[in-house]
Amino acid sequence: MKNDIIFNLIKVHQRIEDACKTAGRNPKEVQLLLATKTVPAENIRIAIEAGETLMGENKMQELRDKDNELKHLPVERHFIGHLQTNKVKDVLKYVTCIQSLDRLSLADELHKQLQNQNRKLDVFIQVNTSYEESKFGLAPEEVLSFIKKIKTYDTLQIKGLMTIGLLDVEKEKMIPSLRLLKTIRDEIYNEKIEGLSDLKLSMGMSQDLELAIAEGSNIVRIGTSIFGNRFLGKEIWNENIAE
Ligand SMILES: *Cc1c(COP(=O)(O)O)cnc(C)c1O
């Protein structure tokens, strides 16, 4: 297992580098996030010991279960799954960033808890750029007004936008939902809102890493290509099921 993970990491870094080269981008602009849902802590540890510094979990339960083994390791933990409001307080014990901020009620609860703790938190706004019912995230046309509302919450530091693009066997079908995230960022930039001049794009997974980098991704979130398949058979990408 250890050798597999290390070998896969080398391959993924090579893919990132190649995609950057093709896109004429500096590989330093693209960070790798280990998407670790269902991955045992001991396997995550192998990747961290190989030099990875960023991971993302989808569930509160998994954050808690793996905490003992991971908390002393030099890794930054993000939350990338659908976050129920009643789990905010617990999740905040483990993460430094929530990439899946997708509604006002969640922003309200985060603000409240963070105020209590006298701390700030990095957030990404999740956008449903593929308009699929199986995915969470704000509708693209809601993003700007959402940002204007939560800008007043001084506990939330908006770091960027996140999307799970449309996954398909055909490349051409996957590109628009990635490109849209960048378009939304351009719209935000056009508004010249204070403090929002450097927003990162978190997009690209095992299947669409190269396309996402071509479209400007700054964080690719990779699970399967590093840790192997999560379950046998056909994997249907459905955030509702994942929850
Ligand atoms: C699982 C997951 C990923 C990684 O997907 P892979 O296809 O396994 O690379 C990325 N982002 C989110 C939000 C995920 O839940």
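Residues numbered from 1 in each chain as written. Predicted model: local features only at pLDDT ≥ 70, side-chain atom pairs only at ≥ 80, totals over all residues. Heavy atoms only, no water.

Engineer: Even after reading the chapter, I still don't get the UniProt feature "domain: Alanine racemase N-terminal" (unreviewed entry) in the protein chain, so can you show me in this structure?
Structural biologist: Under the UniProt annotation, the feature "domain: Alanine racemase N-terminal" (unreviewed entry) is placed at residues 49–229. Annotated as 38% helix and 18% strand, the span residues 49–229 places its first and last C-alpha atoms 21 Å apart. (UniProt positions renumbered as here; feature names shortened; annotations may be inferred. Helix = DSSP H or I, 4+ residues; strand = E, 2+ residues; numbered from the N terminus.)

Engineer: Quick question: what am I supposed to make of the site of the ligand here?
Structural biologist: Around the ligand, the structure places 13 residues, and the nearest of them are Lys37, Asn58, Ser206, Thr224 and Arg230. One nitrogen or oxygen atom from the side chain of serine 206 is found 2.5 Å from an oxygen atom belonging to the ligand. Out of a free accessible area of 380 Å², the ligand has 97% covered by protein chains. In the shell around the ligand, the residues fall into six nonpolar, four polar and three charged. (Near = heavy atom within 4 Å. Polar contact = N/O pair within 3.5 Å; in protein donor to acceptor, adjacent residues only side chain to side chain. Areas by Shrake-Rupley, 256 points an atom, 1.4 Å probe, with all protein chains shown as cover. Nonpolar A, V, L, I, M, F, W, Y, C, P; charged D, E, K, R; others polar.)

Engineer: When you look at the nonpolar core in this model, what are you seeing that I'm missing?
Structural biologist: When a protein is soluble and globular, its nonpolar side chains tend to lie buried together. Of all hydrophobic cores here, the largest spans 40 residues; its most connected members are Leu101, Leu110, Ile125 and Ile188. The dominant element in this core, judged by the number of residues it contributes, is helix α7 (residues 171–190), at five residues. With 25 residues, the next largest nonpolar core counts Leu9, Ile46, Leu73 and Phe227 among its residues. (Core = buried A, V, L, I, M, F, W, Y, C linked by side-chain atoms within 4.5 Å. Buried < 20%, exposed > 50% of the residue type's maximum accessible area, 1.4 Å probe, protein only.)

Engineer: What exactly am I supposed to notice about the UniProt feature "modified residue: N6-(pyridoxal phosphate)lysine" (unreviewed entry) in the protein chain here?
Structural biologist: As annotated in UniProt, the feature "modified residue: N6-(pyridoxal phosphate)lysine" (unreviewed entry) corresponds to Lys37 in the numbering used here. Positionally, lysine 37 belongs in the loop between β1 (31–35) and α2 (41–49).

Engineer: Can you help me understand the environment of threonine 36 in this one?
Structural biologist: Mapped onto the elements, threonine 36 comes out in the loop between β1 and α2. For threonine 36, a relative accessible area of 0% gives the class buried. In this structure the C-alpha to C-alpha distance between threonine 36 and valine 123, which are 87 residues apart in sequence, comes to 19 Å. Apart from the residues within four sequence positions on either side, threonine 36 is in contact with Ile44, Met55, Gly56, Glu57, Glu62, Lys66 and Phe227. (Contact = heavy atoms within 4.5 Å.)

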